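# Residue-level structure breakdown
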There are 2 protein chains.
Amino acid sequence: MNPHEHFMQLALEEARIASQQGEVPIGAVLVREGVVIARAHNRVEQLRNPAAHAELLLIQEATAATQQKWLHECALYVTLEPCPMCAGAMLLARIPQLYFGAFDAKAGAAGTLFCLTADPRLNHQVETWGGICANQSIALLQQFFREQRGTA
Amino acid sequence: MNPHEHFMQLALEEARIASQQGEVPIGAVLVREGVVIARAHNRVEQLRNPAAHAELLLIQEATAATQQKWLHECALYVTLEPCPMCAGAMLLARIPQLYFGAFDAKAGAAGTLFCLTADPRLNHQVETWGGICANQSIALLQQFFREQRGTA
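Here the structure is a predicted model, which means the values were calculated and not measured.

Before going further, it helps to examine the sheet that holds strand β1 (residues 27–32) of chain B. Strand pairing in a sheet relies on backbone hydrogen bonds, with the paired strands running either antiparallel or parallel. Residues and elements named next belong to chain B. Here 5 strands make up an open sheet; going across it, the order is β2-β1-β3-β4-β5 and the pairing mixed. Two strands in the sheet have a free side with no partner beyond their single neighbour: β2 (35–41) and β5 (127–129). Mean inter-strand twist for the sheet, computed between neighbouring axes without regard to direction, equals 15°. Judged from the 3 bridges that link them, strand β4 (residues 97–102) and β5 form a sheet pairing that is parallel. Bridging from a neighbouring strand, Gln 97 pairs with Glu 127 of β5. Of the strands in this sheet, β1, β2 and β3 (74–80) are in contact with helix α3 (residues 54–66), which crosses β2 at around 135°.

Here's what the structure looks like:
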């Protein structure tokens, strides 16, 4: 297993925690110099907050912990391609590298519907790699929505 | 003064509070059925949080207060055109109407650099009007940055 798959497995662990709590299973970890410095999962339902996506919570946690508003030298791993809000937050936090799992045809903003992370007009760009352990992320999401429909 | 200018004046009051606290002067208010239900200003420096923009704080405050993750029937007034993160958060919160002051050539995502608020591929669109009391917003921002340069 290469390091990127290793960190994506940790993000997938967070996604599974979300699923167990009735949240859409999306998880994320933040890595600096090979060390995980923050972990988070989607908590939209629990917090009744539409902005409580894994990536945004991760950025808020990491900047609060380090008292640094910019997360230079960090790589963000997330199981699903970020939405516009989360891609925008990564730009504001000056995160240099993004690794994501499944591509998101409905709202992906790191290459699929929008390419906010690599727009040369903005004052920061995020180097981005997609599709890491994507099948596992897709399987988790499909299982979650299948179960939701079953209990609805 | 029409109602939109009235609410934008309240958002400008929030922007002035931000300025007094050493923050880039941007303010916002959320209005439901003609009543202001939340007010916020930029707090990036104070909270050391790059995501602590006025609009995002406003959405988090309003959803926490109402325990509703969607802000149907609300209009958001903000003194500067939203960035991608904030425009994305408005989509997630299903806010139907946005009124903003100055256009933002550097990061505006409600028509200038991106048009996230009116993209037909997404599952929500925000009706948007820009340029309301724009000169007052621009004057506040220019004064702030002039003073910052003076004390740097």
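All names here are of chain B. Viewed as axis vectors pointing N to C, α3 and helix α4 (residues 84–92) meet at an angle of 25°, and their least axial separation amounts to 8 Å. Relative to α4, the element α3 lies roughly parallel. As for the relative orientation of α3 and α4, their crossing is left-handed in sense. Note on element contacts: α4 touches α3 through Met 85, Cys 86, Ala 89 and Met 90, opposite Glu 55, Leu 56 and Ile 59. Residues of the contact of α3 with α4, tallied by class, amount to 6 nonpolar, no polar and 1 charged.

Take the interface of chain A and chain B next. Counting residues at the interface gives 29 residues for chain A, matched by 29 residues for chain B. Roughly 2500 Å² is buried in total at the junction of chain A and chain B, and carbon and sulfur atoms are behind 67% of that figure. Broken down residue by residue, the surface that chain A buries against chain B is led by Arg 48, Pro 50 and Lys 69 of chain A, which jointly contribute 25%. Seen at the junction of chain A and chain B, the total is 2 salt bridges.

Rules used throughout
Residues numbered from 1 in each chain as written. Chains lettered and ligands numbered in written order. Predicted model: local features only at pLDDT ≥ 70, side-chain atom pairs only at ≥ 80, totals over all residues. Heavy atoms only, no water. Pairing = 2+ DSSP bridges. Helix = DSSP H or I, 4+ residues; strand = E, 2+ residues; numbered from the N terminus. Axes fitted to C-alpha atoms, helices over the stretch in contact; angles between N-to-C directions. Contact = heavy atoms within 4.5 Å. Parallel < 35°, antiparallel > 145°, perpendicular 65-115°, else oblique. Left-handed = near helix turned anticlockwise from the far one by under 90°. Nonpolar A, V, L, I, M, F, W, Y, C, P; charged D, E, K, R; others polar. Buried area = accessible area lost by both parts, 1.4 Å probe. Salt bridge = Lys/Arg side-chain N within 4 Å of Asp/Glu carboxyl O.

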